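# Secondary and tertiary structure notes
Single-letter residue listing:
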Amino acid sequence: MFSLHPVTAPKDKREAILQAMLELVAERGFHDAPMSLVARRAGTSAGIIYHYFPSKDDLIRALYLHVKAKMGRFLIEGQVVGMPVELAFKRVWMNAYRFYRTHQQEMKFLDQYENSPYCGGSPEVEALVQQDQNFALLLHLFRPKSAGGPLKNLPQEAISELTIGVAARLAKRVKPLKSKALEEIAAACWAAVTS
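Criteria and thresholds
Residues numbered from 1 in each chain as written. Predicted model: local features only at pLDDT ≥ 70, side-chain atom pairs only at ≥ 80, totals over all residues. Heavy atoms only, no water. Axes fitted to C-alpha atoms, helices over the stretch in contact; angles between N-to-C directions. Helix = DSSP H or I, 4+ residues; strand = E, 2+ residues; numbered from the N terminus. Left-handed = near helix turned anticlockwise from the far one by under 90°. Contact = heavy atoms within 4.5 Å. Nonpolar A, V, L, I, M, F, W, Y, C, P; charged D, E, K, R; others polar. Core = buried A, V, L, I, M, F, W, Y, C linked by side-chain atoms within 4.5 Å. Buried < 20%, exposed > 50% of the residue type's maximum accessible area, 1.4 Å probe, protein only. Arc of directions from axis to C-beta. Polar contact = N/O pair within 3.5 Å; in protein donor to acceptor, adjacent residues only side chain to side chain. Lys, Arg positive; Asp, Glu negative; His and termini not counted. Salt bridge = Lys/Arg side-chain N within 4 Å of Asp/Glu carboxyl O.

Bringing the packing of helix H5 (residues 85-102) against helix H10 (residues 164-171) into the picture now. The interhelical angle for the contact between H5 and H10, taken along N-to-C directions, is 35 degrees, at an axis separation of 8 Å. Once H5 is placed against H10, the crossing between them reads as right-handed. Where H5 approaches H10, its residues Val92, Trp93, Ala96, Tyr97, Tyr100 and Arg101 are matched on the opposing element by Ile164, Val166, Ala167, Ala168, Leu170 and Ala171. Counted by class, the contact of H5 with H10 contains eleven nonpolar, no polar and one charged residues.

In structure tokens form, the structure reads like this:
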């Protein structure tokens, strides 16, 4: 029998809901992104959303993990595994800058999430490492000296700010930086966390 309505696979519905929430948060912020608008944007009903996500908070947290997983895949592009650690760091840093330049909605979402009460800090990092092999790899590569790695024994939040945080803030500039300047900044970030 022929159906006028295409059948959507569950994963597609979930993806559509996540994408709708991403767009709305980037455009309007968390508080001005009601579930009714998410449902309309995703082409579904609020009931379907609640089938996948018990609450708006759960949807926002799931979106955070979704965006961070996308970012993790982007960060390791270019075969960072097997590279000398300093070169891998610089490649990851450059990838982070490109991610933030080319993924504006994700950048706006992460800015809001990571500066909100939603952000739980260390427990979220641990959950991310458990759920995403790319972040597990990155944390293994770039671990502190006390764990056999090359980085200073600083809190993870400080390392993130001195490295990926710098790339994120520079990526927000209207005019992109030239490759030579980016390479120099990546080298300076490496020196800041290893010297």
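With 55 residues, the main nonpolar core has Met21, Leu59, Trp93 and Phe109 as its most contacted residues. Elements with a minimum of two residues in this core: helix H1 (10-28), helix H2 (35-42), helix H4 (56-75), H5, helix H6 (104-114), helix H8 (133-141), H10 and helix H11 (179-194). It is H4 that provides the largest number of residues to this core, a total of nine residues. Every residue in contact with Trp93, bar those within four places of it in the chain, is listed here: Thr163, Val166, Ala167, Leu170, Leu182, Ile185, Ala186 and Cys189.

All of the buried residues in H8 are Asn134, Phe135, Leu138 and Leu141. The buried residues of H8 occupy an angular sector of 125 degrees when the element is viewed end-on, so they sit on one face. The N-capping residue of H8, defined by a side-chain oxygen 3.0 Å from the backbone nitrogen of Asn134, is Asp132.

For the rest of this paragraph, the subject is the side chain of Asp132. Tracing the sequence through the fold places Asp132 in the loop between helix H7 (122-131) and H8. The charged side chain of Asp132 is buried without a salt bridge, its nearest counter-charge being Arg73 at 5.1 Å. A polar contact is formed between the side chain of Asp132 and the backbone nitrogen of Phe135, at a distance of 3.0 Å.

Within this structure, the stated rule accounts for ten salt bridges. Between Glu114 and Lys68 there is a salt bridge, with the nearest N and O atoms lying 3.5 Å from each other. Within this pair, whereas Glu114 is found in helix H6, its partner Lys68 is found in helix H4, the two being separated by 46 residues in sequence. What makes Glu114 partly exposed here is its relative accessible area of 32%. In this structure, Lys70 engages Glu106 in a salt bridge whose closest nitrogen and oxygen atoms are separated by 2.7 Å. Of this pair, Lys70 sits in helix H4 while Glu106 is found in helix H6, placing the two residues 36 residues apart along the sequence. Judged by its relative accessible area of 6%, Glu106 falls in the buried class. The network of salt bridges with common partners includes Glu23, Glu27 and Arg41.

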